[in-house]
Amino acid sequence: MDFIKRVCYHEIMKKFQKNEIIQGKVVDLTHEGQGVIKVDNFPFFVENALPAEEIKMKVLKVGKNFGFGKVEDWLSQSPDRVQDVNMAYLRTGIADFGHMAYPAQLHFKRQQVVDVLRKNAHKPDFPVLETLGAEQESQYRNKAQVPVRRVNGRIETGFFRKNSHDLVPIRDFYIQNPEIDDLVNQVRESLIRLNIQPYDEQTKRGIVRNIVIRRGHHSGQMMLILVVTKEKFAGLSELFAEYSNKVDSFQLSINTSTGNAIFGSKFKLLSGKDYITDSMLGKDFQISARAFYQVNTAQAEKLYQLAYDFADLKAEDVVIDAYSGIGTIGLGMADKVAQVYGMEIILEAVENAKTNAALNDITNAHYEVGPAEEVMPQWVQDGIQPDVIFVDPPRKGLDESFIKAATATQARAVVYISCNPATFARDVVRFEEEGYLLEKVQPVDLFPQTKHVEVVSLLVKA
């Protein structure tokens with residue numbers, strides 16, 4: 001068998017040569033936004049190519065099961081193509097779909113959800129609702145994490161090319177709030193002027209690794225964090241003098257590791273407070289450097305309101321907010337229900353949630369540190385009977401133990417918010433095995449111009 005595989009691969013390599021020009025029609029898109037061309041049933045993935053386009057493709061790489069190509073010329077173009085797109089956005093993944101008209105993006109994202117429900121949840125005909133689009137298609141991000149590197153002898157800020165750590169210099173990040181971009185550019189020029197060296201991943205030398213900025217969407221408050229390799233360095237006092245009055249929070253994060261983590265374990269507050277304050281759905285939230293807070297505030301407000309509507313909340317309801325973070329989901333509905341109980345494994349987030357409850361004079365929301373699969377059964381044993389469970393997990397989805405603990409509460413409904421349709425579809429199968437049936441699915445576009453799609457769903461007890 002191994003001999004046959006080697007022979008097949010050899011035949012493929014003979015059939016397709018690097019730099020060869022091949023003409024073909026784009027038949028599909030990958031979930032990352034690459035066009036798919038099939039030559040004698042062998043697929044090539046091509047950046048900046050849209051379905052139904054006829055192109056001339058240069059072969060870049062040929063593997064055993066697929067290859068990669070580059071558009072050399074278009075023989076015909078899709079009516080959904082956006083002309084004059086900045087290729088840096090596609091090459092870095094800042095805007096994977098920047099070359100696609102926004103209505104087509106929304107259609108594609110709904111189709112992604114339809115496809116994974118068919119493949120992973122065995123639901124070929126589930127009536128997925130149309131994707132809820134954003135009014136603001138660009139300049140929406142309230143947070144930036146921008147690497148600093150030396151490129152061609154100059155200190156630059158930008159983003160890494162896909163699948164590499166080669167920095168592509170960028171001034172206008174397109175999807176970030178313009179005030180954030182302006183501050184990134186100012187800091188970069190300050191680093192150049194003060195000769196503060198950027199981090200070098202090869203030599204493990206240098207000072208500044210990343211510039212991280214958070215901006216309150218409604219408040220306009222700004223947090224500036226320099227991720228550095230040491231707490232004291234030449235030029236720090238000048239940076240303090242320049243930026244301490246420009247931002248509401250100025251911090252250092254000291255990261256001495258050689259890995260890819262953005263933040264280090266130690267933070268040093270230089271000026272202002274160690275948080276900024278913003279509002280969501282009329283509630284105020286203190287947001288610390290590490291806190292999870294949706295990067296598209298306006299669209300997150302729509303997302304959460306949709307989740308509340310799906311739950312059909314009643315004044316007497318007891319609600320559990322799993323993966324509660326700093327309390328955005330739970331506190332947003334606290335005035336609609338009798339009690340909110342939230343749990344989170346990160347102590348700092350639970351403290352933030354309690355602070356945010358007090359900040360909004362909310363007394364019917366309670367937060368506890370611990371994994372949901374352990375905390376929920378204890379709450380039920382203590383006599384707390386939830387009517388609705390809200391869950392918004394990370395991309396890996398839910399552990400099976402969580403699903404068993406959640407369904408054991410006999411809550412009437414589970415509202416599942418997901419940032420990964422594939423793991424969501426997998427978890428739907430598990431919920432249905434425990435007697436909770438999928439009733440509604442609504443894709444929401446929290447990240448216009450990118451490959452990402454959020455899902456709000458309702459599962460009800462059979």
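Predicted model, so just to flag it, every value in this text is computed and none were measured.

Visitor: Which parts of the structure should I look at to understand helix α8 (residues 347-359)?
Guide: In an α-helix, one turn spans 3.6 residues, which is why side chains three or four residues apart end up on the same side. Between its first and last C-alpha atoms α8 spans 18 Å; for 13 residues at 1.5 Å apiece the expected length is 18 Å, and the two agree. For α8, every residue scored as buried is listed here: Ala349, Val350, Asn352, Ala353, Asn356 and Ala357. Angular distribution of buried residues about the axis of α8 spans 160°; they occupy a single face of the element. Those residues of α8 that are exposed and angled more than 90 degrees off the buried face are Leu347 and Ala358. Looking at the buried side of α8, the elements it contacts are β14 (283-288), α7 (328-333), β16 (339-344) and β17 (365-369).

Visitor: Honestly, the sheet that holds strand β21 (residues 454-461) in this entry has me stumped. Any pointers?
Guide: Whenever strands of a sheet pair, they do so through backbone hydrogen bonds, lying parallel or antiparallel. Taken in spatial order, the seven strands of this open sheet run β17-β16-β15-β18-β19-β21-β20, and their pairing is mixed. With partners counted over all chains shown, the strands left at the sheet margins are β17 and β20 (436-444), one partner each. Ignoring which end each strand starts from, the neighbouring axes of this sheet average 15° apart. Two strands pair when backbone bridges link them, and strand β15 (residues 318-322) and strand β18 (residues 388-391) are joined in this way by four bridges, in the parallel orientation. Note on β18: the bridge partner recorded for Val319 is Val388. Here helix α6 (residues 297-311) sits on the sheet in contact with β18, β19 (413-418), β20 and β21, set at roughly 10° to β21. Along the sheet, helix α9 (residues 372-381) contacts β15, β16, β17 and β18; its crossing angle with β16, the most-contacted strand, is approximately 145°.

Visitor: Hey, could you run me through the sheet that holds strand β8 (residues 167-169) in this one?
Guide: Spatially, seven strands are ordered β8-β7-β6-β9-β10-β11-β12 in an open sheet, and the strand pairing comes out mixed. Each edge of the open sheet is held by one strand with a lone partner, namely β8 and β12 (266-272). Here the strands of the sheet are splayed against their neighbours by 35° on average, with no regard to which way each runs. Contacts between helix α4 (residues 178-194) and the sheet are confined to β6 (143-151), β7 (154-160), β9 (208-215) and β10 (222-228), with β7 contributing the most and set at about 145° to the helix.

Visitor: Before we go on, may I ask you to explain the UniProt feature "active site" (unreviewed entry) in the chain in this structure?
Guide: When the UniProt feature table is mapped onto this chain, "active site" (unreviewed entry) is found at Cys419. With respect to the helices and strands, Cys419 occurs in the loop between β19 and α11 (421-433). Setting aside residues up to four positions removed in sequence, Cys419 forms contacts with Pro393, Pro394, Arg395, Val453 and Glu454.

Visitor: It is not clear to me how the pattern of salt bridges should be interpreted in this structure. Could you clarify?
Guide: Side chains bearing opposite charge may pair, as long as their charged atoms lie close to each other. Here the structure, examined in full by the defined rule, presents 25 salt bridges. Notably, a salt bridge pairs Lys283 with Asp335, separated by 3.4 Å at the nearest N-O pair. Here Lys283, found in strand β14, pairs with Asp335, found in the loop between α7 and β16; they are 52 residues apart in sequence, far enough to count as distant. Between Arg412 and Asp317 there is a salt bridge whose closest N-O contact spans 2.8 Å. Placement of Arg412 in the loop between α10 (400-408) and β19 and of Asp317 in the loop between α6 and β15 is noted, with a sequence separation of 95 residues between them. Where salt bridges share partners, they join Arg154, Glu156, Arg171, Arg188 and Glu189 into one cluster.

Visitor: Explain the nonpolar core here, please?
Guide: Soluble globular proteins tend to bury their nonpolar side chains together. If you look at the biggest cluster of nonpolar residues, it comprises 82 residues, and the most contacted ones within it are Leu224, Leu226, Leu313, Phe390 and Val456. A total of eight residues in this core trace back to one element, the largest contributor, which is α6. Once residues within four sequence positions are removed from consideration, Leu224 is found in contact with Leu183, Val187, Ile211, Val212, Ile213, Tyr243, Val247, Ser249, Phe250 and Gln251. The next biggest cluster of nonpolar side chains, apart from the first, holds 36 residues, and it includes Leu117, Tyr416, Phe424 and Leu438.

Visitor: I'm lost on the packing of α10 against α11 in this one. Help?
Guide: Two packed helices can be described by the angle between their axes and the distance between those axes. Two numbers describe how α10 lies on α11: the axes approach to 10 Å, and their chain directions differ by 40°. Our classification of the angle between α10 and α11 gives oblique. Between α10 and α11 lies a crossing of right-handed hand. Side by side, α10 and α11 meet where Glu400, Ile403 and Thr407 of the first sit next to Asp427, Arg430 and Phe431 of the second.

Visitor: Any chance you could explain α4 here in plain terms?
Guide: Compared with an ideal rise of 1.5 Å per residue, which puts 17 residues at 24 Å, α4 spans 24 Å between its outermost C-alpha atoms and is within 8% of the ideal. Among all positions in α4, only Ile180, Asp181, Leu183, Val184, Asn185, Val187, Arg188, Ser190 and Leu191 are buried. The inward-facing, buried residues of α4 contact β6, β7, β9, β10 and α5 (236-243). The N-cap residue of α4 is Asn177: its side-chain oxygen and the backbone nitrogen of Glu179 are 2.8 Å apart. Two residues or fewer past α4, Asn195 is found with a positive phi of approximately 55°.

Visitor: Help me understand the pairing of β19, please; the structure alone is not making it clear to me.
Guide: Each regular strand shows side chains that alternate between the opposite faces of the sheet. Counting buried residues along β19, six of its six residues qualify, which places the element largely inside the surrounding structure. A two-sided burial pattern is seen for β19, the buried positions comprising Ala413, Val415 and Ile417 on one face and Val414, Tyr416 and Ser418 on the other. Where β18 lies against β19, four bridges are found, and the strand directions are parallel. Pairing of Ile389 across the sheet is with Val414, part of β19. This β-α-β element, β18 to α10 to β19, shows right-handed connectivity.

Rules used in this analysis
Residues numbered from 1 in each chain as written. Predicted model: local features only at pLDDT ≥ 70, side-chain atom pairs only at ≥ 80, totals over all residues. Heavy atoms only, no water. Helix = DSSP H or I, 4+ residues; strand = E, 2+ residues; numbered from the N terminus. Expected span 1.5 Å × (residues − 1). Buried < 20%, exposed > 50% of the residue type's maximum accessible area, 1.4 Å probe, protein only. Arc of directions from axis to C-beta. Contact = heavy atoms within 4.5 Å. Pairing = 2+ DSSP bridges. Axes fitted to C-alpha atoms, helices over the stretch in contact; angles between N-to-C directions. UniProt positions renumbered as here; feature names shortened; annotations may be inferred. Salt bridge = Lys/Arg side-chain N within 4 Å of Asp/Glu carboxyl O. Core = buried A, V, L, I, M, F, W, Y, C linked by side-chain atoms within 4.5 Å. Parallel < 35°, antiparallel > 145°, perpendicular 65-115°, else oblique. Left-handed = near helix turned anticlockwise from the far one by under 90°. Polar contact = N/O pair within 3.5 Å; in protein donor to acceptor, adjacent residues only side chain to side chain. Right-handed = clockwise from strand over helix to strand, strands pointing away.

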